[in-house]
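Notes for the structure review
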Amino acid sequence: MLLFAVSYLGGVLTILSPCILPVLPFVFARADQPFVKSGLPLLLGMAITFAGVATLAAVGGAWAVDANQYGRFAAIALLAVFGITLLFPGLAERLTRPLVALGSRLSQPTSGTPGNGGTFAASFLLGIATGLLWAPCAGPILGLVLTGAALQGANIQTSLLLLAYAAGAATSLALALVIGGRVFAVMKRSLGVGEWVRRGLGVAVLCGVAAIALGLDTGYLTQISSASTSSAEQALIDKVRPTPSGGSVVDRSNVMMGGSNAMMTGDAAAPEARRDGAAPSGNLLASLSGAVEWINSPPLDAAGLKGKVVLIDFWTYSCINCLRTLPYVRAWAEKYKDQGLVVIGVHAPEFAFEKDIRNVRRAVTDLKIGYPVAVDNDFAIWRAFKNQYWPAHYFLDVTGEVRHEHFGEGEYAESEKIIQDLLAEAGRSGVSRDLVAVDAKGMSAASDKANVKSPEIYIGYQRAENFVTKDATKDGAVRDKPTIYAQPDELSLNHWSLAGDWTVQGERAVSNGADGRIRIRFHARDLHLVLSPSKDDKPVRFKVTIDGHPPGADHGVDVDAQGNGIVTEERLYQLVRQSEGVTDRMFDIEFLGPGAQAFAFTFG
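Note that the coordinates shown come from a computational prediction; the quantities given were computed from them, not determined experimentally.

Let us now look at unusual backbone geometry. Here Trp-390 and Pro-391 are connected by a cis peptide whose omega angle stands at -15°. Along the chain, Pro-391 turns up in the loop between strand S6 (389-390) and strand S7 (392-396). Here Lys-386, not a glycine, exhibits a phi torsion of approximately 55°, which is positive. Residue placement: Lys-386 occurs in the loop between helix H14 (380-384) and S6. A relative accessible area of 38% means that Lys-386 is categorised as partly exposed. Phi is positive for Asn-466, which is not a glycine, with a value near 65°. Checked against the element boundaries, Asn-466 lands in the loop between strand S9 (457-458) and strand S10 (483-485).

Here we take up helix H15 (residues 412-425). The terminal C-alpha atoms of H15 lie 20 Å apart, and with 14 residues this matches the ideal 20 Å at 1.5 Å per residue to within 8%. Turning to H15, the residues buried within the fold contact strand S3 (309-315), helix H12 (320-336), strand S4 (341-347), S7 and strand S8 (402-407). Following H15 by one or two positions, Gly-427 adopts a phi angle in the positive range, close to 90°.

With respect to the secondary-structure elements, Arg-577 resides in strand S17 (residues 571-577). What Arg-577 contacts, discounting residues up to four positions off in sequence, is Gly-442, Ala-445, Arg-525, Asp-526, Ala-553, Asp-554, His-555 and Gly-556.

This part covers the environment of Ile-320. Along the chain, Ile-320 falls in helix H12. Placed 71 residues apart in sequence, Ile-320 and Pro-391 show a C-alpha to C-alpha distance of 9.4 Å.

A few words on the pairing of S17. Consecutive residues of a regular strand have side chains that alternate between opposite faces of the sheet. Of all the seven residues making up S17, seven are buried; the element is thus mostly covered by neighbouring parts of the structure. Pairing of strand S14 (residues 526-532) with S17, which is carried by six bridges, proceeds in the antiparallel orientation. Counted as the bridge partner of Leu-531 is Arg-571 from S17.

Analysis parameters
Residues numbered from 1 in each chain as written. Predicted model: local features only at pLDDT ≥ 70, side-chain atom pairs only at ≥ 80, totals over all residues. Heavy atoms only, no water. Helix = DSSP H or I, 4+ residues; strand = E, 2+ residues; numbered from the N terminus. Buried < 20%, exposed > 50% of the residue type's maximum accessible area, 1.4 Å probe, protein only. Expected span 1.5 Å × (residues − 1). Contact = heavy atoms within 4.5 Å. Pairing = 2+ DSSP bridges.

Take a look at the structure:
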């Protein structure tokens, strides 16, 4: 219930955001009509349509977004007709009688024939059209709900959370509509200017249609909206987030978060291991049937694993925390495979490209993973385990019960002792009590935790933070449109910027020219960046500098001492590994060809 309340309050706060402006003319065009028969059905249609479309977009991906574009076009046309009937009803009727008839029906007063149900339906239809056009700003609360929907899959909770958000926005609009209706009525009685008010509303509606057709609702207004509501929403999240009530605490620098109740909200506080207080229970091996494909093994199930000790490792191949745990997981799988241990890697993707089976197979080969890997693209296994993190380790005894769980990096000795104890409990004789010796190198080397002062930083606008431009009036990146960016002269720690021609999308930024650059000030031994070549898989060369100079001895494994590198595949690239003392550094990467895609910085 708490999450529903937060979603509702987040919707209420949208009234403070400029990105609500494009739909206000359509709402206030009904201000002179009875609220119950006109305003209420309009807001209901708007809320229900938004919740439905947002659910599809969250769980369905790009196809749902593309489909909604056609709905937006139809809605724009419908509302344009509505505006014309308000402004020039006579002219509109002469130009096109069928369309004007529909528009006139939508705009006619509800005070007509008693018992006429057409007005309610017409207002509801107008609300549906408005819902197709409404693009609310994805602040912390809506971002939490949408990301949770993508991970949790299509379910009733997803739709109800989005409906609660839409209901909150509708509540604010209803209050504004009631107040506006009273003002409207006073103006008509005292000034007798009903026809001019009607035409003024027609102009406002057409202006709203034009603003949406030009993309201002998802562009400029969205940029200036984030400052209006994000701080208020974040404060709300911070107030209602429960404090740890016992159990282990996860070090956020060593773990990536996921799930519906622990989204990446930008807070610096470490999340508790179990926000809901409930660890997974029962024999969960049946959930392995939710894998869309298996690598290194035929499909495994509870019957085939009976009598085995099982280690479930949730990971994704672009996650630096996962890559640093893999040497230990590989070593455990090899050492104890003949004594009854089965290690199963459950690959649950964070980015869209990690759903590509070919990419996962290549990563499994490159990372020398020989144990079975279940590809959990639909997060079916993730949900069964109530998981929230990458990496996450679940230790199951021979009955399939979860006996221990660990999230993030570290505590490798304790984890291996759990394996030894479960094998001994199962009657396996000769279980060695020695611990594996792991000499991890490259990206798999342990983080220099004491010197990490930079958090994971996303570049796509869905989870981006600390983005700045040279023009201080531009707050945030322009969404989904090619834009020329300029970098500021100075950057604060953990702030970043773009230069050149970029298109910033939900989870990535795409360089459109041959000179796209990214700059960030960071504090850590290692800097990594998740990159992808162009959409046609054409490699893209790049050059990096640290404080304006080639990295020299501080270069990462994916660049040379001069800073030269090439993006050949979709993965995590290590670009900096400082060889001596760690201080604040300015990092620049310049792409020497178009098409490079950048997703997220991680540090270690």
